[in-house]
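As a plain string of letters, each chain reads:
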Amino acid sequence: QDTLYSGVSLYGKDLDGMTQSEVAAYINEMYIDPIKNADVTVVLNGKEDVYPMTDFIECPDANEKAKEAYDIKREGGFISRFMNILRLKKKGQEISLVYNFIDTSLDEVMNSAETDSFSDPVDPEYIIKDNFVSLKAGSDGTQIDRNQFERDLLNALSEYEKEMANLGSGETLKSIRIE
């Protein structure tokens, strides 16, 4: 048999009867391509920067996940496999997709934002000469709260990930906007 056994599912969709290549195509179409086509818009200090979602999320390999799904209950002798297949049909087994957050991209975004948009505080200056005083105002400077930005980005990505469970119903993912 070249197809997955009954009872193997992904986010509640039964993959019964699908070949490995069909499962890989399904995973790509429903769960990986939407990420590859989405953007993260970061707005800091009034400046908007758009980054591909793939700068922040590493997608699983669809072919590896399809092979994992195909290999379920294919080990052991004839009787052992037969019993495992019967249990699989009755109880089912869910495979999951794991997306990894890419920390280095966050660092690059933060460093770019600090370089482009933020400044160090400037102390006020004054000069006293004979009959006049010259004042030069200082400024507070602007800087980014790296911890808050990271929390905001991770929260947005977490919400995005929750939406992924709905992809099988034909919904599409939105891009993320962080301000």
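Residues numbered from 1 in each chain as written. Predicted model: local features only at pLDDT ≥ 70, side-chain atom pairs only at ≥ 80, totals over all residues. Heavy atoms only, no water.

This part is about the overall build of the chain. Counting its secondary structure elements, the chain contains five helices and 10 strands. Looking at the chain as a whole, 34% of its 179 residues qualify as buried. For the chain, the proportion of contacts with a sequence separation of at least 24, taken over those separated by at least 6, is 63%. Carbon and sulfur atoms form 47% of the exposed surface of the chain, whose accessible area is close to 11,300 Å². (Helix = DSSP H or I, 4+ residues; strand = E, 2+ residues; numbered from the N terminus. Buried < 20%, exposed > 50% of the residue type's maximum accessible area, 1.4 Å probe, protein only. Contact = heavy atoms within 4.5 Å. Areas by Shrake-Rupley, 256 points an atom, 1.4 Å probe, with all protein chains shown as cover.)

This part covers helix α2 (residues 62–71). Residues of α2 that are buried: Ala 62, Lys 65, Ala 66, Ala 69 and Tyr 70. The buried residues of α2 occupy an angular sector of 140° when the element is viewed end-on, so they sit on one face. Those residues of α2 that are exposed and aimed more than 90 degrees away from the buried face are Asn 63 and Glu 64. Looking at the buried side of α2, the elements it contacts are β1 (8–10), α1 (20–36) and β6 (93–95). The backbone nitrogen of Asn 63 lies 2.8 Å from a side-chain oxygen of the residue at the head of α2, namely Asp 61. (Arc of directions from axis to C-beta. Polar contact = N/O pair within 3.5 Å; in protein donor to acceptor, adjacent residues only side chain to side chain.)

Of the strand pairs in this sheet, strand β8 (residues 125–129) and strand β9 (residues 132–136) are connected by five bridges, and their pairing is antiparallel. Residue pairing across strands places Ile 127 opposite Ser 134, the latter belonging to β9. Connecting the antiparallel pair β8 and β9 is a turn made up of two residues. (Pairing = 2+ DSSP bridges.)

A word on the sheet that holds β6. Pairing is mixed in the open sheet, where three strands are placed in the order β2-β1-β6. The sheet is open, and its two edges are formed by β2 (13–14) and β6, each paired on a single side.

This brings us to the pattern of salt bridges. In total, this model carries two salt bridges according to the counting rule given. In this structure, the salt-bridge partner of Glu 68 is Lys 65, at a minimum N-O distance of 2.8 Å. Of this pair, Glu 68 and Lys 65 both sit in helix α2, three residues apart, which is roughly one turn of that helix. Lys 65 sits in the buried class, given a relative accessible area of 12%. Ionic pairing is found between Asp 71 and Lys 67, a salt bridge with its closest N-O pair at 2.7 Å. With Asp 71 and Lys 67 both in helix α2 and four residues apart, this pair spans about one turn of that helix. (Salt bridge = Lys/Arg side-chain N within 4 Å of Asp/Glu carboxyl O.)

Our focus in this paragraph is the confidence of the model for the chain. On average, residues of the chain carry a pLDDT of 77, and 80% of them reach 70 or more. When pLDDT is averaged over each helix and strand of the chain, the minimum, 59, is found for strand β10 (residues 176–178) and the maximum, 91, for α2. (pLDDT = per-residue confidence, 0-100.)

A few words now on the packing of aromatic side chains. Enumeration according to the criterion identifies three aromatic pairs in this entry. Ring geometry for Tyr 26 versus Tyr 31: centroids 6.0 Å apart, planes at 75°, classification edge-to-face. Comparing Tyr 26 with Tyr 31, the two get one shared label, buried. Here a set of aromatic residues connected by ring pairs shows up, and it is made of Tyr 11, Tyr 26 and Tyr 31. Lying across the ring of Tyr 26, Lys 13 places its NZ or CZ 5.4 Å from the centre. (Phe/Tyr/Trp six-rings, centres within 6.5 Å; stacked < 30°, edge-to-face > 60°. Lys NZ or Arg CZ within 6 Å of the ring centre and 35° of its normal.)

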